[in-house]
Amino acid sequence: MDRRIAQIAARAFCLLLALAPLGSLRGDTAAASAPADFDALLQQGEELERSGRWGQAIQLYEDFSKRSTVPSPLLHDHLRHCEIRYGL
């Protein structure tokens, strides 16, 4: 049940990001290579995780998290997972 709630929350967050203005991301040169929407961010992050590039995945998630106005439990989980794997 908790997993289902997390999935619903993640989808709601994605919808919120799709509807929210992303002007702060467009003007930042460091964020220019970062994906603008949450689904693309997760796809890129998961690809980095699969290839074992934990440091890059952490940086991607942290950068997006700093620019986001709404906290995401799913993003936090991915970030924490990468931090643990990076420390091993």
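In the block above lies the structure referred to throughout.
Right, let's walk through the structure included here.

Conventions used here
Residues numbered from 1 in each chain as written. Predicted model: local features only at pLDDT ≥ 70, side-chain atom pairs only at ≥ 80, totals over all residues. Heavy atoms only, no water. Helix = DSSP H or I, 4+ residues; strand = E, 2+ residues; numbered from the N terminus. Contact = heavy atoms within 4.5 Å. Areas by Shrake-Rupley, 256 points an atom, 1.4 Å probe, with all protein chains shown as cover. Buried < 20%, exposed > 50% of the residue type's maximum accessible area, 1.4 Å probe, protein only. Lys, Arg positive; Asp, Glu negative; His and termini not counted. Salt bridge = Lys/Arg side-chain N within 4 Å of Asp/Glu carboxyl O. Polar contact = N/O pair within 3.5 Å; in protein donor to acceptor, adjacent residues only side chain to side chain. Axes fitted to C-alpha atoms, helices over the stretch in contact; angles between N-to-C directions. Parallel < 35°, antiparallel > 145°, perpendicular 65-115°, else oblique. Left-handed = near helix turned anticlockwise from the far one by under 90°. Nonpolar A, V, L, I, M, F, W, Y, C, P; charged D, E, K, R; others polar. Core = buried A, V, L, I, M, F, W, Y, C linked by side-chain atoms within 4.5 Å.

**Some points on the overall build of the protein**
Argument step 1. Of the regular secondary structure elements, the protein holds five helices and zero strands.
Argument step 2. Along the protein, helices and strands appear, N-terminal first, in the series α-α-α-α-α.
Argument step 3. Partitioning the contacts of the protein with sequence separation of at least 6, the portion at a separation of at least 24 is 58%.
Argument step 4. Accessible surface, the protein as shown: approximately 6,100 Å² in total, 56% of it carbon and sulfur.

**What to know about the side chain of Glu 49**
Argument step 1. By secondary structure assignment, the location of Glu 49 is in helix H3 (residues 38–50).
Argument step 2. For the buried Glu 49, no salt bridge is present, and the opposite-charge side chain at shortest range is Arg 50, 7.6 Å distant.
Argument step 3. Engagement of the side chain of Glu 49 in a polar contact is seen with the side chain of Tyr 61, the distance being 2.6 Å.
Argument step 4. The residues touching Glu 49, leaving out its near neighbours within four places in the chain, are Trp 54, Ala 57, Tyr 61, His 78, His 81 and Cys 82.

**Focus: the packing of helix H4 (residues 54–67) against helix H5 (residues 73–87)**
Argument step 1. Running from N to C, H4 and H5 point in directions that differ by 150 degrees, and their axes come no closer than 9 Å. Taken together, the axes of H4 and H5 lie roughly antiparallel to each other. For the element pair H4 and H5, the recorded crossing hand is left-handed. Contacts from Trp 54, Gly 55, Ala 57, Ile 58, Tyr 61, Glu 62, Phe 64 and Ser 65 in H4 reach Leu 75, His 78, Leu 79, His 81, Cys 82, Glu 83, Arg 85 and Tyr 86 in H5.
Argument step 2. Of the residues belonging to the contact of H4 with H5, the class tally is nine nonpolar, four polar and three charged.

**What about the nonpolar core?**
Argument step 1. With 13 residues, the main nonpolar core has Phe 38, Leu 41, Ala 57, Tyr 61, Phe 64, Leu 75 and Cys 82 as its most contacted residues.
Argument step 2. Sorting the residues of this core by element identifies H3, H4 and H5 as the ones contributing at least two each.
Argument step 3. The biggest single contributor to this core is H4, with six residues.

What is shown is where atoms sit, not what they do.
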